Each structure stands twice: as structure tokens, then as C-alpha cells.
Amino acid sequence: MTPGAKQRLVYVANAAAVFAALLILWQVVIWIFRVQPFMLPSPWAVAKAFVDRFAAILTAVEITGEESAAGLVASIAAGVLVSLVFAKSRWVRRMLYPYTLLLQTVPIIAIAPLILMWVGAGTASVAVIAFIISLAPVIFNTTQGLISVDENLVNLFLMHNASPSQILFKLRLPHAVPSLFTGMRIASGISVIGAFTGELYAGSSRVGEGGLGYSILYASTQLQTDYLFALVLATAILGFAFFFLVVFLEWYFLHNWHESARVAEAESDS
Amino acid sequence: MTTGHSVPMVEIEGVAKRYGNGQPVLGGISLSVAKGEFVSLIGPSGCGKSTVLKLISGLTQPTSGSIRVDGMAPRDAREIVSYIFQDATLLPWRTVEQNVALGLELESVAKPTRAEKTAAALDLVGLAHVAKSYPRQLSGGMKMRVSIARALTTSPRLLLMDEPFAALDEMSRDRLNEEILRLQAEQKWTAVFVTHSVAEAIFLSTRIVVLAPNPGRIRAEFAVDLPRPRTAALRDRAEFDALEVKVSHALRAALVPESAAVPP
């Protein structure tokens, strides 16, 4: 085994140990305080609910996953376009930047009912909510990447009589890719939260069947706490999956040249 | 050449420069650089030596005075000018050969010619073996060589260099100094070179111009009448040391405001 692989195995083992310790603590708390299952189900009950109702959970994950993915992809596309405009014109940037910030600070819970009213209940409005919540980090990071190009690199391009589009496509855009990925990493996690929040309001066309947010709401009203916990677990796994997909893409596109990918390599090798 | 020998490569006449409403950076300098010359600009920080290069390249415009490059306005002369910056200014997402090809690519040179010239430039600086590497895999000295190769691919007639070796250790710097002289002997371009190092200026130049700060102006000029081709052995000669003393003295004098230098 290479030293790198050994190191990774140690990381995984450590994380697994923490997980096991938490499970034991959880079980012990239930025994000592005689907690009712509807208040806090045992880890075993949660696992059982996860397996027994796997089909329903999978459906919920699929629905929420699709809504989050649609919102995330749209936020990346729109975010990059807005960033290009922001990078092009300092005037527009200064005028609209505060409102981009507003996008991030307005509580999504407050605007979710409005979106539902405007777009109509269903997956489309949930995707729109995921889109809104994911947009700001993409814009902030990509804009920063586009405008933080070293002045002498721009001068170098000018010395070769480069056109504005050459400076954009051969210099600013590639330079912004690492920042874009940083924005995408943040957006990937919160897009799932956005879709989840949207579903709390959006409801579902069929009773008991919908995305994760809807299903959790349903489980809590039915006092099916073990199912609720299983759904929370599924939500966390979905968020992780999104995050790691972006991290993988980041590594794939940047590991040849960028410092962040290099640091990750160095860490796993040490 | 239609321009003939009489047209200087660089002609600066009474050029002053200030940014916005600030203090003037350059307070009226005149300097003529003949074709084939290697002129070093040396001076304390704030004397505007980098600004002189920016003006010659047309990256910034003079507040007053005129600049001609091979008889043209600086912006129109860019095809015959290459600029080497203090940092290697390589694009980290491109391999060494893609970096070297950048200038040709931006000037829309056909691909086969581009590949040929890139390979030749890499050979010239002895980096053919790292053509497929990324900049992060190279040492500081090697990165600078890539930068030099990139500057040479477009066959410049004038090379502007802004402290290109300032960040390197002394050994790499000396080696690159020798390489620059070899390249100039082969390709016969004209050079305007900004440096902080007196020894480097003497080793490379045919002429040294000492600038004084606040505002930047020419304080002294020294012709360097040392034989060419120059080798590392030149640094051990008595004339080299004597000139180093003279230039260092002028440099120290440039730091003293003229009014204070006048005895009471």
C-alpha cells in the first residue's frame, strides 16, 4: 500500500470511529432516559425505517435531487453571465452588487411562499427557489476571479495587440475557473437546502409522496419519527453527493495546474 | 531596412508623466537609444524607471513630450517590441510550450509556423525537455527563461525588460545575464533594461543611465566600453570594478536631493 492510500485509510477509519461513538452515545441516551420512540427513535429503528421504506426515500431523493440540480445548473449559467457583465463594467457592478448581496441575506423562507404564488406549486417553483439561493455565491466568486487578473498579464496581452474577446476568453475566463469552482462548491450544498425549503411550502400532488422536504413534513405530522430521521439521513447524503461531484469536477479540471488541487494532492501524500 | 541607420530605435524627447493629479513621476527626460544598443536604466525606487518602459511600450501615455519607436508611435510599434516583466507572468493553466506560443497565437500566426517558432525558442533557452510541463513544476529561473522564450518568438527588434531577474538568486541571475548577452549577439535586438543591480547593468549594457527620483530625471550616463562578447570572466577585470565604483557613486548621489547637495 502506498503511504497516500494508507493515510486516506486512517482518515476514513477516524471518521468511522467518530460515527460509531455517536451512535453508541445516541443509544445510551435512549436507554438511560427511557426516551419514547416518537421523541427519539433508536439508531436501529432509523436504519430499519431506511431499509423498509427505501423505495419511498429513493423517490423523494430523486425529486429533490432533480429540483436541486436544475436550480444549481441554472444558477451556474446565470451566475457566470452576470459575472461577465460585472467584470466588463465597473459601473454596472457598483450599481447592482448591493442587490446581489440582498439575494444572499433575504431569508429564503420569507420569499418561498411568494415564488410559489408566482410560479405555481410544483417542482418548477422549488427549482426556482434552489436557483435563487445558489446564485449569490456563484456571482461573488466568479466576478472576483474575473477581475483579479494580474495587471501585467493584461499588459502582456495588450503588447500583442490582443482583442477584448481574446483577453476575456484566453485570460480572464480561465483565470476565473478556480473561483467559479469555489462558488459552485458553496452553491452545491445550499441548492439542496433551497429545494428542501421550497418543498416545505410547495406540498405535493399525491398524499405522502413528494421530495425530501415534503416527506419530512409529512412524517413529522404522522409522528413517524424513525422515518423522519431516515429522511434526514437521505438529505445529508444527497447534499454530500452534490458537494463531492463538484469537488471531483474541480480536481479533474484543475489538478494539472492549480494550487488548490496541488495542496489536496500534497495533503494526501504526506 | 527602409528606416536606415539614422533612425534611433527609441527617441524620447522632453517626456514628463504624472498619474492623475499626483506628483509627477517623470519630470522631463530625453533619451535616445540607437539600434543595437543595450541601455540599462538604474536608479532608486520612485525614479520612474519602470514608467519609462511603460511609455516606450505605449501602455501608458506621456503627460507631455514625445516618444517614437523606430520612427513610429509606441502603440503602432508593438509588433517589433517585446516586454519582459519582473514576474515571469506565465499562464498557469497552459503548458510551457503553450505559454511560449501565446504571443504568436494572439497575433494569429498559422499553427505550423507557431509550432516551429515555439520549438526554436525553447531550444534557444534550453527548455525543450520541459515543453509539456506546467509552470508550477518549474523553478523561478526556468520560469523566467520561458518568459524570455515567449518574448523572442515574435522576433522583436526591441526588448523592454523590467527587472526581469530581481526575484532570482545570484547564481541564476548571473547565468541568465550571460544567456541574454548570447541571445542579443545572435539576434541583434535593441534592449532597454531596468535594474537595481549595478553589476548586472555593467555586465549587460553598452550604456548605463542613472535616474534620480522626485520627479524622475536623468542624473548621469556612463558608456560601458568593455569588450564583447562578454563572459563571466569579465566580472573579475579591474575596469569592471572601477566602473562599478563610479556608477555606485552616481547612484548614491541620485538619492541626495540636489538642493541639499549644494554646500552652504
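Keep in mind it's a predicted model, so treat the numbers as computed, not measured.

**Section: the overall build of chain A**
Across its full length, chain A holds eleven helices and zero strands. Reading the helices (α) and strands (β) of chain A from amino to carboxyl end gives α-α-α-α-α-α-α-α-α-α-α. Seen through its principal axes, chain A has C-alpha atoms that stretch 75 × 55 × 30 Å. Considering chain A as a whole, with its 270 residues, one finds that 34% of them fall into the buried category. Put simply, of all contacts in chain A between residues at least 6 apart along the chain, 76% involve residues at least 24 apart.

**Observations concerning the overall build of chain B**
Secondary structure summary: chain B contains nine helices and nine strands in total. A globule of 264 residues ought to have a C-alpha radius of gyration of about 18 Å, and chain B, at 19 Å, matches this closely. If you line up chain B on its principal axes, its C-alpha atoms span 65 × 40 × 35 Å. In chain B, which comprises 264 residues, the share counted as buried stands at 42%. Look at the contacts in chain B between residues 6 or more apart in sequence, and 71% of them connect residues 24 or more apart.

**Things to note about the pairing of strand β5 (residues 81-84) of chain B**
All names here are of chain B. Of the two faces of β5, the one lined by V81 and Y83 and the one lined by S82 and I84 are each fully buried. Pairing analysis gives four bridges linking β5 to strand β6 (residues 158-162), with the strands arranged parallel. By the bridge assignment, Y83 is partnered in β6 with L160.

**Describing the interface of chain A and chain B**
Taken together, the contact pairs 17 residues of chain A with 15 residues of chain B. Contributing elements (two or more residues each) for the side of chain A that touches chain B: α7 (151-159) and α8 (164-202) of chain A. In terms of residue count, the dominant contributor to the side of chain A that touches chain B is α7(A) (seven residues). In terms of residue class, the side of chain A that touches chain B is built from eight nonpolar, seven polar and two charged.

**Some points on the confidence of the model for chain A**
Mean pLDDT over chain A stands at 89; residues scoring 70 or higher make up 93%. Ranking the elements of chain A by mean pLDDT puts helix α11 (residues 259-269) of chain A last with 54 and α7(A) first with 96.

**Observations concerning the sheet that holds strand β9 (residues 217-223) of chain B**
The strands making up a sheet associate through hydrogen bonds between their backbones, and the pairing can be parallel or antiparallel. Residue and element names in this part refer to chain B. Here we have six strands laid out as an open sheet, ordered β5-β6-β7-β3-β8-β9, and mixed in their pairing. Whereas interior strands pair on both sides, the edge strands pair on one side only; in this sheet they are β5 and β9. Across the sheet, the mean angle separating the axes of adjacent strands is 15° when strand polarity is ignored. Sheet topology places β6 next to strand β7 (residues 190-195); five bridges connect them, and they run parallel. Paired with L158 across the two strands is T190, which belongs to β7.

**A few points about the packing of helix α5 (residues 108-119) of chain A against helix α6 (residues 123-147) of chain A**
Residues and elements named next belong to chain A. Interaxial distance between α5 and α6 falls to 9 Å at its minimum, and their mutual angle equals 140°. Relative to α6, the element α5 lies oblique. Seen along the crossing, α5 lies across α6 with a hand that is right-handed. Residues I108, A112, I115, L116 and V119 of α5 form the contact with α6, whose participating residues are A124, S125, V128, I129, I132 and I133. For the contact of α5 with α6, the residue count by class is ten nonpolar, one polar and no charged.

**A look at the pairing of strand β3 (residues 38-42) of chain B**
All names here are of chain B. Extensive coverage of β3 is indicated by the burial of five of its five residues. Of the two faces of β3, the one carrying F38, S40 and I42 and the one carrying V39 and L41 are both buried. Direction of pairing for β3 relative to β7: parallel, over a ladder of five bridges. The residue of β7 that forms the bridge with F38 is A191. Inspection of the sheet shows β3 paired to strand β8 (residues 207-212) by four bridges, in the parallel sense.

**Some words on the nonpolar core**
Judged by nonpolar contacts, the single largest core of 75 residues is most densely connected at B:I56, B:A149, B:L160 and B:V192. In terms of residue count, helix α5 (residues 140-153) of chain B provides more of this core than any other element does, six residues in total. Other than its neighbours up to four places away in sequence, B:A149 contacts B:V100, B:A121, B:L122, B:L124, B:V125 and B:L127. Counting 51 residues, the second-largest nonpolar core is a separate cluster that includes A:A87, A:I133, A:A136 and A:A195.

**Points about the sheet that holds strand β1 (residues 10-18) of chain B**
Residue and element names in this part refer to chain B. On the basis of which strands lie adjacent, the open sheet formed by three strands has the order β2-β1-β4 and antiparallel pairing. Each end of this open sheet is capped by a strand with a single partner; those strands are β2 (24-33) and β4 (64-69). Going from strand to strand, the sheet's axes swing by 20° on average, the running direction of each strand aside. In terms of strand pairing, β1 meets β2 through seven bridges, oriented antiparallel. Directly across from V10, in β2, lies its bridge partner V33. Against the sheet, helix α1 (residues 49-57) engages β1, β2 and β4, with an angle of about 120° to β1.

**Some thoughts on α1(B)**
All names here are of chain B. Along α1, seven of the nine residues are buried, which leaves the element largely enclosed by surrounding structure. Those residues of α1 not exposed but buried are K49, T51, V52, L53, L55, I56 and S57. Following α1 by one or two positions, G58 adopts a phi angle in the positive range, close to 80°.

**Here's the deal with the packing of α7(A) against α8(A)**
Residues and elements named next belong to chain A. Two elements in contact, α7 and α8, have axes whose closest approach is 11 Å; the angle formed by their N-to-C orientations is 135°. In terms of their interaxial angle, α7 and α8 are classed as oblique. Along this stretch, α7 crosses α8, giving a crossing that reads as right-handed. Contact with α7, carried on its side by L153, V154 and F157, involves Q166, I167 and L171 of α8 and no other residues of that element. For the contact of α7 with α8, the class distribution of residues is five nonpolar, one polar and no charged.

The rules we used
Residues numbered from 1 in each chain as written. Chains lettered and ligands numbered in written order. Predicted model: local features only at pLDDT ≥ 70, side-chain atom pairs only at ≥ 80, totals over all residues. Helix = DSSP H or I, 4+ residues; strand = E, 2+ residues; numbered from the N terminus. Buried ≥ 20, exposed ≤ 12 C-beta atoms within 10 Å, placed from the backbone. Contact = placed C-beta atoms within 7 Å. Rg over C-alpha atoms; globule rule 2.2 N^0.38 Å. Pairing = 2+ DSSP bridges. Nonpolar A, V, L, I, M, F, W, Y, C, P; charged D, E, K, R; others polar. pLDDT = per-residue confidence, 0-100. Axes fitted to C-alpha atoms, helices over the stretch in contact; angles between N-to-C directions. Parallel < 35°, antiparallel > 145°, perpendicular 65-115°, else oblique. Left-handed = near helix turned anticlockwise from the far one by under 90°. Core = buried A, V, L, I, M, F, W, Y, C linked by C-beta atoms within 7 Å.

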